[in-house]
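# Report on the structure
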Amino acid sequence: MDCEENIRQLWDYLDGELTEQRMNEIRGHLKSCRGCFPHFDFEKEFLEAIAKSRVEHIAPEDLRRKVMAKLRTAGMA
Amino acid sequence: VADDRPETKLEQDARFEREALPWMDDVYRFARSMTHDEADADDLVQETYLRAYRAWHTFEPGSDCRRWLFTICRNVFLRTREREARQVDTGGDDAVLETMAAVREASPFATSNAEAIFSRMDLVPAIRKALEELPEVFRTAVVLVDVEGQSYDEAAAVLGVPIGTVRSRLFRGRRILQRSLIEFARDAGFAGAAGKEADREGDAHGL
């Protein structure tokens, strides 16, 4: 299988955005290709690191009150 | 409601309260990621909910309310930042080139000590900083897909652009982020020099 072709779809693969057939082909390729695996592994870790950076902002109580007041003014029961 | 009679206003309001209001933390977080400012995010959330309430009859019951609110939030934000949002060169639809370039740039790390970077370093502050510095169009694509877990299709619906545009913005954003992280890692002493390639065949199942 063509390594370059797989690398071209690396992020699409990690995002699960390919057809089931392509997902399986790449998955199979990664089991045996030492050249490709580290790149996929690195990018997978990279994407997980971005996901972990999520800031858990909680809408402040004051904002909730302001939203409710606005909605009541707009006619919400 | 099992019968076919139209919803009363009271029922509509109750449904809004039940389905739309619980997403306020998510909308607030999304607003903060776009504005970087507490007061601006505050205004943006209020305006989003006001518009959502007024347009509630257009919301299709059973569809994704969170995504619907994100779409409104994004549109309100764009209206206030129209100029900035349109000035950025989004680089065209060159997602594949971005992928290839990112892989090439990360290669010294990927083939030597990837685990060391991600397991030994606390990258969260560096990622947050790099995200803040990303031009808005790239940042929003990365936030929607990588942080909020939306698919390309869902992000395209929120942003009102074709999937190809989401993909190219996302990949370009990722590449810029990755470059910042690599610089950060180098500054912290990770040379990323070619080392002994680990035998990871057995781990491949995890991908």
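Look a little higher up for the structure.
Notes on the structure follow. (Residues numbered from 1 in each chain as written. Chains lettered and ligands numbered in written order. Predicted model: local features only at pLDDT ≥ 70, side-chain atom pairs only at ≥ 80, totals over all residues. Heavy atoms only, no water.)

A count of helical and extended segments in chain B gives 11 helices and zero strands. Tracing chain B from N to C terminus, the helices and strands come up as α-α-α-α-α-α-α-α-α-α-α. Burial status across chain B gives 50% buried among its 207 residues. A fraction of 74% describes how many contacts in chain B between residues 6 or more apart in sequence connect residues 24 or more apart. Split by element, the accessible area of chain B, about 9,900 Å² in all, is 49% carbon and sulfur. (Helix = DSSP H or I, 4+ residues; strand = E, 2+ residues; numbered from the N terminus. Buried < 20%, exposed > 50% of the residue type's maximum accessible area, 1.4 Å probe, protein only. Contact = heavy atoms within 4.5 Å. Areas by Shrake-Rupley, 256 points an atom, 1.4 Å probe, with all protein chains shown as cover.)

Now for the environment of B:Arg128. With respect to the helices and strands, B:Arg128 occurs in helix α8 (residues 124-133). Not counting residues up to four positions away in its chain, the partners in contact with B:Arg128 are A:Ser53, A:Arg54 and A:Val55. There is a polar contact of 3.4 Å between the side chain of B:Arg128 and the backbone oxygen of A:Arg54. (Polar contact = N/O pair within 3.5 Å; in protein donor to acceptor, adjacent residues only side chain to side chain.)

Moving on: helix α9 (residues 136-147) of chain B. Residues and elements named next belong to chain B. A large share of α9 lies buried, amounting to 12 of its 12 residues. Those residues of α9 that fall on the buried side of the exposure criterion are Glu136, Val137, Phe138, Arg139, Thr140, Ala141, Val142, Val143, Leu144, Val145, Asp146 and Val147. In the segment just after α9, glycine 149 is the residue with positive phi, at about 70 degrees.

For helix α4 (residues 65-80) of chain B, built from 16 residues, the straight-helix expectation of 22 Å at 1.5 Å per residue is met to within 8% by its first-to-last C-alpha distance of 23 Å. Here α4(B) starts with a cap whose side-chain oxygen sits 3.1 Å from the backbone nitrogen of B:Arg66, and that cap is B:Asp64. (Expected span 1.5 Å × (residues − 1).)

Now for the packing of aromatic side chains. All names here are of chain B. Under the defined criterion, the tally for this structure stands at 11 aromatic pairs over all chains. With centroids separated by 5.1 Å and ring planes inclined at 55 degrees, the aromatic side chains of phenylalanine 59 and tryptophan 68 adopt a geometry described as tilted. Pair check on accessibility: phenylalanine 59 and tryptophan 68 agree, each one buried. With a centroid separation of 6.3 Å and 75 degrees between ring planes, the pair formed by tyrosine 152 and phenylalanine 171 is classed as edge-to-face. (Phe/Tyr/Trp six-rings, centres within 6.5 Å; stacked < 30°, edge-to-face > 60°.)

Keep in mind these values describe shape, not function.
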